[in-house]
Amino acid sequence: MSERLYRTYVQIDLGNILHNGKIIKEKFPHKKIMSVLKADAYGHGIDGVITAYETFTDWYAVATVEEGLKIRRQSEKPILVFGPVPDGLMIKAAENRLTLTIGSIEYAEELSARLCSENLNCECHLKIDTGLNRLGIPWRNGNDAIEQIRRITALPCLEFTGTYTHFACGEGKEKWETEFTKMQFMERENIATGLKHCTSTGGSLVHPEYQLDMVRLGMMPMGMSYSDKSVEENGLKPALKWVSFIAQIKEIEAGEAVSYGCTFKAEKNMRIAMVTCGYADGYRRAYSNKTHVLINGKRVPVTGRIAMDYLMIDITDIPDAKIGNQVILLGSDGINTISAQELSAYGESVSGEVTATVSGRVPRIYKEK
């Protein structure tokens, strides 16, 4: 019998990413594809997945310069950094041909001055805030916004190659959500510079009429979407599977409590298994007494409060469960599935957060196509 090396790990199926990439190219045949790899590719690992992404990606997007540099070491394709970068990294970003986002006159002036002092130019995308009230030039008064944009685009050392906004509820289908998205989309005169883009995975699928020149896809290449139904309807295959193991089994009696805070008390005699994964690994404490895992082809409940390094599960109805058995925390056993969307519901979250917050101490293992 081979020795086990890990207490918990995630497996990334590169074949599934390639499969999803083909679906993306078929679904958006006349659009440029921007693959969003922020948060270390939503927890999948930039270094491990980049070769698969290269087969279908036109642009990349990241949240930080450091993430952009990871991609740049392996790709010559354009890379957009979504937010402002620290002044100490502006030169490095320009030298490595990262495209920077401009969302205010103050930031644009600082970046322009810093670049010009080093005789450097940098490609930029203009960010317009059309209602999310986050980063971007606010579009409350058209004349004020246009004046800011004219000042920004006239600055030296900045080369504008794109314009974008971000929807607040692009995947929403309620009447108020679609009306709000339509309001955000309304094309503004005299501001389009280069490529235009505004839809992420949900918006691209729900509102194909708003796709413009390029779609920004974070979850979709990884086999996730705004709902499990969307994953199924679009034929996507989740790339990430999270595995752990049973370390110990205990028989407890009716009335006994399990784990910190005694939040679970047995109503009958039970078999409880301790699993080698906890909130320090990214399996959130908010999941306590709510989620399920897969073992020996069955779904079983998480029992008691999740600890830093361990969680407990109820294996009373699985008499063949034993120490060393594999436990699937996220993914499929071929019969049942625990999806990122399912886990996100218990953590008042979204599926992208579920995978992005898997801890760095959890090894990533890559399965080739």
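Note that the structure is predicted; figures quoted are calculated from it, not measured. (Residues numbered from 1 in each chain as written. Predicted model: local features only at pLDDT ≥ 70, side-chain atom pairs only at ≥ 80, totals over all residues. Heavy atoms only, no water.)

A. Structural context of the overall build of the chain. From N to C terminus, the chain includes 12 helices and 20 strands. Along the longest, intermediate and shortest principal axes, the C-alpha atoms of the chain span 75 × 45 × 40 Å. When burial is assessed residue by residue, the chain has 52% of its 369 residues classed as buried. Restricting to contacts in the chain with at least 6 residues of sequence separation, those with at least 24 account for 66%. For the chain, the exposed area adds up to about 17200 Å²; of that, 49% sits on carbon and sulfur atoms. For the chain, the distance from the average position of its 44 positive side-chain charges to the average position of its 46 negative side-chain charges is 3 Å. (Helix = DSSP H or I, 4+ residues; strand = E, 2+ residues; numbered from the N terminus. Buried < 20%, exposed > 50% of the residue type's maximum accessible area, 1.4 Å probe, protein only. Contact = heavy atoms within 4.5 Å. Areas by Shrake-Rupley, 256 points an atom, 1.4 Å probe, with all protein chains shown as cover. Lys, Arg positive; Asp, Glu negative; His and termini not counted. Charge placed at Lys NZ, Arg CZ, Asp CG, Glu CD.)

B. Broad picture of the nonpolar core. Counting 101 residues, the largest nonpolar core has W242, Y283 and I313 as the members making the most contacts within it. Residues within four places of Y283 in sequence aside, it is in contact with W242, C277, G278, T291, H292, V293, V302, I306, L311, L329 and L343. Of all hydrophobic cores here, the second largest spans six residues; its members include I252, V258, A266 and M270. (Core = buried A, V, L, I, M, F, W, Y, C linked by side-chain atoms within 4.5 Å.)

C. View of the state of the cysteines. Evaluation of the coordinates by the stated rule reveals one disulfide. Disulfide partner of C116: C157, at an S-S distance of 2.1 Å. Disulfide C116-C157: the torsion about the S-S bond is 120°, which places it as right-handed. Of this pair, C116 sits in helix α6 (residues 105-117) while C157 sits in the loop between α7 (142-153) and β8 (158-164); the two residues are 41 residues apart in sequence, bridging distant segments of the chain. When its relative accessible area of 27% is taken as the criterion, C116 is described as partly exposed. Residue C157 is classed as buried on the basis of its relative accessible area of 16%. (Disulfide = S-S within 2.5 Å.)

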